[in-house]
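Structural overview
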Amino acid sequence: EDKVVQSPLSLVVHEGDTVTLNCSYEVTNFRSLLWYKQEKKAPTFLFMLTSSGIEKKSGRLSSILDKKELFSILNITATQTGDSAVYLCAVGNNAGNMLTFGGGTRLMVKP
Amino acid sequence: DAGVIQSPRHEVTEMGQEVTLRCKPISGHNSLFWYRQTMMRGLELLIYFNNNVPIDDSGMPEDRFSAKMPNASFSTLKIQPSEPRDSAVYFCASSPGPPTGKLFFGSGTQLSVL
């Protein structure tokens, strides 16, 4: 059974801080790892990673995958209050099955 | 594009009643997913359709849950009879590509069973 573990469970920082969120996984025939941001309602897509060592970047957010050590990190620099959300990590396999989500990291950014 | 559309946004019902949740996926997406989210269990996949055909329903909790996709633009998730432990946010998501690609989520239905 595929498994995704995220840490920390929750995090409180102040605006301007840099945060690193972790996602470790166990999956048979890994295909992809995705990061989502969930504020009040629907999760919204951030990144999809399929190859090790290639950083994906979007503004202050970046993510990288390590397929040897089976983990990914999501970095947010110069955090803002609008970054407050639950960040979800999900993995998919080549068996044609669906995404397995981790439990999420709840980030709160204080002014 | 309007995105994935779910209705109703909120549903409050009494135990034993039938509940029907509705979803309209993004036009052109051939994969549709129903997820349930609770504080205790996070996001759980209930069922996955590809080209309107149910592919994997192993996440459906029990026989009280059923899902249909009569055409490419509409799906329903039905709970009959509903129980308080079914209270959760139910998300529908669609995807244009392989099932392990990017998902587009609807705004969810907040279900409360009293």
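Treat the numbers as computed from the prediction; the structure is a model and nothing was measured.

Here is what the cut-offs are and how they apply
Residues numbered from 1 in each chain as written. Chains lettered and ligands numbered in written order. Predicted model: local features only at pLDDT ≥ 70, side-chain atom pairs only at ≥ 80, totals over all residues. Heavy atoms only, no water. Salt bridge = Lys/Arg side-chain N within 4 Å of Asp/Glu carboxyl O. Helix = DSSP H or I, 4+ residues; strand = E, 2+ residues; numbered from the N terminus. Buried < 20%, exposed > 50% of the residue type's maximum accessible area, 1.4 Å probe, protein only. Contact = heavy atoms within 4.5 Å. Buried area = accessible area lost by both parts, 1.4 Å probe. Nonpolar A, V, L, I, M, F, W, Y, C, P; charged D, E, K, R; others polar. pLDDT = per-residue confidence, 0-100. Disulfide = S-S within 2.5 Å. Core = buried A, V, L, I, M, F, W, Y, C linked by side-chain atoms within 4.5 Å. Phe/Tyr/Trp six-rings, centres within 6.5 Å; stacked < 30°, edge-to-face > 60°.

1. Here we look at the pattern of salt bridges
- Counted under the stated rule, the structure contains ten salt bridges over all chains.
- Across the salt bridge formed by D83 of chain A and R60 of chain A, the nearest N and O atoms sit 2.8 Å from each other. Within this pair, whereas D83 of chain A is found in the loop between β8 (71-76) and β9 (85-93), its partner R60 of chain A is found in the loop between β6 (56-58) and β7 (61-66), the two being separated by 23 residues in sequence.
- E83 of chain B is paired through a salt bridge with R64 of chain B; the nearest N and O atoms lie 3.5 Å apart. Placement of the pair is E83 of chain B in the loop between β8 (74-79) and β9 (88-95) and R64 of chain B in the loop between β6 (53-56) and β7 (65-71), with a sequence separation of 19 residues.
- Since its relative accessible area comes to 23%, E83 of chain B is described here as partly exposed.

2. Considerations on the interface of chain B and chain A
- At the interface, 19 residues of chain B touch 19 residues of chain A.
- Here chain B packs against chain A, burying approximately 1600 Å² in sum over the two surfaces, 64% of which is carbon and sulfur.
- Across the side of chain B that touches chain A, the residue classes break down as eleven nonpolar, six polar and two charged.

3. Some remarks on the confidence of the model for chain B
- Averaged over all residues, the pLDDT of chain B equals 93, while 97% of them reach at least 70.
- Ranking the elements of chain B by mean pLDDT puts β6 of chain B last, at 90, and strand β3 (residues 19-24) of chain B first, at 98.

4. Concerning the state of the cysteines
- Per the stated rule, a full pass over the model turns up two disulfides over all chains.
- Each disulfide pairs two cysteine sulfurs, and for C23 of chain A the partner residue is C89 of chain A, the sulfurs being separated by 1.9 Å. Between C23 of chain A and C89 of chain A the disulfide shows an S-S torsion of about -70°. By sign, it is left-handed. Here C23 of chain A, found in strand β3 (residues 19-26), pairs with C89 of chain A, found in strand β9; they are 66 residues apart in sequence, far enough to count as distant.
- Of the residues examined, C89 of chain A reaches a relative accessible area of 0% and is grouped as buried.
- Covalently, C23 of chain B is tied to C92 of chain B through a disulfide, its sulfur atoms 1.9 Å apart. The sign of the -65° torsion about the S-S bond sets the C23 of chain B-C92 of chain B disulfide as left-handed. Taken together, the positions of C23 of chain B in strand β3 and C92 of chain B in strand β9 put the pair 69 residues apart, joining distant regions of the chain.
- By relative accessible area, C23 of chain B is classed as buried at 1%.
- Residue C92 of chain B is classed as buried on the basis of its relative accessible area of 0%.

5. Details of the nonpolar core
- Core analysis: the biggest nonpolar cluster contains 22 residues, and Y25, F30, L33, W35, Y87, V91 and L107 of chain A have the highest contact counts within it.
- The set of elements that each furnish at least two residues to this core consists of β3, β4 (30-38), β5 (43-49), β7, β8, β9 and β11 (105-110) of chain A.
- The residues contacting L33 of chain A, other than those within four sequence positions of it, are C23, Y25, F47, M48, L49, L65, S72, C89, A90 and V91 of chain A.
- Within the second largest apolar cluster, 21 residues are counted, among which are V4, F49, M69 and I79 of chain B.

6. Digging into the packing of aromatic side chains
- According to the stated counting rule, one finds ten aromatic pairs over all chains in the structure shown.
- Their ring planes at 25° and their centres at 5.0 Å tell us that Y25 of chain A and F30 of chain A sit as a pair that is stacked. Side by side, Y25 of chain A and F30 of chain A carry an identical accessibility label, which is buried.
- A ring pair is formed by F101 of chain A and Y35 of chain B, whose centres lie 5.5 Å apart and whose planes are at 90°; its orientation type is edge-to-face. In this pair, F101 of chain A sits in strand β10 (residues 100-101) while Y35 of chain B sits in strand β4 (residues 31-38), so the two residues belong to two different chains.
- Joined through ring pairs, the aromatic side chains of Y36, F45 and F101 of chain A together with F33, Y35, Y48, F91 and F105 of chain B make up one cluster.

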